[in-house]
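Listed here are the chains, written in short residue letters.
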Amino acid sequence: MRQLVQGLIAILLLSLSSLSYAQCDGLIPDLRELADEGDMNLGFAVNNSDINNPDLLAILLANGNMVVPANALKFGPIHPERDVYNFSSADQIVALAQANSMTVRGHTLVWHLQAPAWLDPTSGWLDLTPQWRERWTRDELIEVMRDHIHTVVTHYRENFPGVITQWDVVNEAFRADGSRRPTIWQQVIGDDYIELALRFAREADPDVKLYLNEFYDSSVSLGEFALGRDPTYENSLGASAVRSDCSDVPRCAAVRALATDFVQRGVPIDGIGFMGHHFIFNDDWPFPADYESLAGWTKSLGLSWALTEVDVGLRANVVGTPEQERDQGLRFRKMVRACTRAENCDTVVFWALTDAVHWQRDQGFWDGATLIRDNGEPKPAYWNVYGTLYRAFLSSTTSVPDQGLSAIYNEASKPTK
Ligand code: XIL
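Residues numbered from 1 in each chain as written. Predicted model: local features only at pLDDT ≥ 70, side-chain atom pairs only at ≥ 80, totals over all residues.

A short note on helix H5 (residues 54-63)
Worth spelling out the cut-off: Each residue is classed by its C-beta neighbour count within 10 Å, where at least 20 other C-beta atoms makes it buried, 12 or fewer makes it exposed, and intermediate counts make it partly exposed; the C-beta atoms are placed from backbone geometry. Labels follow the DSSP assignment, with helices taken as runs of H or I lasting at least four residues and strands as runs of E lasting at least two, numbered in each case from the N terminus. To obtain the arc, one takes the directions from the helix axis to the C-beta atoms. We call two residues in contact whenever the C-beta atoms placed from their backbones are within 7 Å.
Along H5, the residues classified as buried are Leu-56, Ile-59, Leu-60 and Asn-63. Summarising the axial view, the buried residues of H5 lie within an arc of 100 degrees, below the 170-degree limit, and thus occupy one face. In H5, the exposed positions that point more than 90 degrees away from the buried face belong to Pro-54 and Ala-58. Residues of H5 that are buried make contact with helix H3 (31-37), strand E1 (41-46) and helix H4 (48-51).

Quick notes on the nonpolar core
The condition is simple: Here a nonpolar core is just a set of buried residues of the types Ala, Val, Leu, Ile, Met, Phe, Trp, Tyr and Cys, joined wherever their C-beta atoms sit within 7 Å.
Formed by 110 residues in total, the largest nonpolar core has its most connected members in Val-169, Ala-197, Ala-201 and Val-349. Sequence-distant contacts of Ala-201, defined by excluding residues within four places in its chain, comprise Leu-109, Ile-149, Val-153, Trp-167, Val-169 and Leu-210.

Considering helix H9 (residues 138-159)
We count it as follows: Here, expected helix span is obtained from the residue count minus one, scaled by 1.5 Å.
Taking 1.5 Å of rise per residue, the 22 residues of H9 would be expected to cover 32 Å, and the 31 Å separating its terminal C-alpha atoms lies within 8% of that figure. For H9, the full list of buried residues reads Leu-141, Ile-142, Val-144, Met-145, His-148, Ile-149, Val-152, Val-153 and Tyr-156. Each buried residue of H9 sits inside an arc of 160 degrees when the element is viewed along its axis, so together they form one side. Away from the buried face of H9 by more than 90 degrees, exposed residues Asp-139, Glu-140, Glu-143 and Glu-158 are located.

Some remarks on unusual backbone geometry
The omega torsion across His-107 and Thr-108 is 0 degrees, close enough to zero to call that bond cis. Its place among the elements puts Thr-108 in strand E3 (residues 103-110). Although it is not a glycine, Asp-39 sits at a positive phi angle of roughly 50 degrees. Position of Asp-39 relative to the elements: it lies in the loop between H3 and E1. The exposure class assigned to Asp-39 is exposed, which follows from the 9 C-beta atoms found within 10 Å. Positioned with a positive phi, Glu-172 is a non-glycine residue whose angle comes to about 55 degrees. Tracing the backbone through its elements, the reader meets Glu-172 in the loop between strand E4 (164-171) and helix H10 (184-188).

Some points on the packing of helix H16 (residues 322-341) against helix H18 (residues 380-394)
As a reminder, the rule being used: Between N-to-C directions, angles span 0 to 180 degrees; the directions come from axes that are lines fitted to C-alpha atoms, helices contributing only their stretch in contact. For classification purposes, angles smaller than 35 degrees are called roughly parallel, those larger than 145 roughly antiparallel, those between 65 and 115 roughly perpendicular, and all remaining angles oblique. Each crossing is labelled by how the near helix is turned from the far one, with a counterclockwise turn of less than a right angle marking it left-handed and a clockwise turn marking it right-handed. Classes in brief: Ala, Val, Leu, Ile, Met, Phe, Trp, Tyr, Cys and Pro nonpolar; Asp, Glu, Lys and Arg charged; the others, Gly included, polar.
Their axes nearest at 8 Å, the elements H16 and H18 cross at an angle of 30 degrees. With respect to H18, the element H16 is oriented roughly parallel. The hand of the H16/H18 crossing is right-handed. The residues of H18 that touch H16, namely those facing Glu-325, Arg-326, Gln-328, Gly-329, Leu-330, Phe-332, Arg-333, Val-336, Arg-337 and Thr-340, are Pro-380, Ala-381, Asn-384, Val-385, Thr-388, Leu-389 and Ala-392. Class assignment for the residues of the contact of H16 with H18 results in 8 nonpolar, 5 polar and 4 charged.

Regarding the confidence of the model for the chain
Detailed reading of the predicted coordinates is not advisable wherever pLDDT falls low. This is how the line gets drawn: Each residue carries a pLDDT score, the predictor's confidence in it, ranging from 0 to 100.
When pLDDT is averaged across the chain, the result is 82; 77% of the residues are at 70 or more. For the stretch residues 4-26, pLDDT sits under 50, and the model shows 12 contacts to residues farther than four places along the chain or on other chains. Low pLDDT, under 50, characterises residues 399-417; the stretch is placed with 21 contacts to residues that sit more than four places away or in other chains.

Written out as structure tokens, the structure is:
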């Protein structure tokens, strides 16, 4: 009898352990549950209008465990006058994250774009006039930067402890040819502005992770290409060349050299953010080899890396064909898989919740770049991400059959809950 009871208990335990929590209620997990299972930060960039829209909010809460204010923490919005800080928009997003046990990537403290007029009336369009350059001395601008970083980082450390876990301290500091972008910070302060910014951020928060956020591409950077921001990209890189090592990509080599110097000299830095703005009409990239190289050199420096602004654009004003959407899905998959496979990557952020609220919808360079259609329906890209996370984090611990999984993520829409 005792043996029979023990046997029954064993069978019961066995069948329970082979059921995932998702199967227990007959549901498939959302992306958030998969990310939580893998201790991965899976985030979406949002504006306040997104989280005030109930449909978009539901998408965010089901799919992300991290939020990134797409604009609210940038210098212009949060520091509109020299002596005025306006935290209200960013606070709303950070409070939402806190209330829903999500973390926040702080984006971004030092950048050339979206600067307030009192700081840079060109808003960072790089043609800083000599008159304006003369307006700030190096010491004054260092003081402006110190005050900004200390005030913003301290505000979040004190008012929302532990919610912002990562800061993009400096954003887009390099051009495609590996030279320093001639921003107001670079021109007035000089080469050491990046190091100073990292040190100020560390002074304000000893625990938060500090990142440099950069374009990283084996060929042209779509963002800069489309926006015509960087005249050096064309000369430095051939659009079709396959480049699999950081040394072959001038911008990557420059970031690596800087990060190496920082690590050697003890300048505070925890990771490198790579944006991941991509486009389906450019050859085959992102190339998996790029990310392997990336994972390797960051790891050898003891740094993390993150995919911080992932989107994959289709042509503007054209509805994507099924082939294009499949191609798009594979590119999302390559990027997410590169992160799940790397020991030192724990963060992927998608740069908008749905196509309807993607920033390029209005700017018109590309479109259809997210995981989810205007009407909230998941695209093939969503299921590619889904399958990648499922395989990475759940398939070894549950009994969902493989064919069941492919059926799930090949479907056009998700089974209703
Ligand atoms: C974008 C925002 O999403 C837009 O709303 C805004 O108009 C321009 O900036 N690289 C970055 C992000 O680091 O901050 C940019 O975000 C996209 C490119």
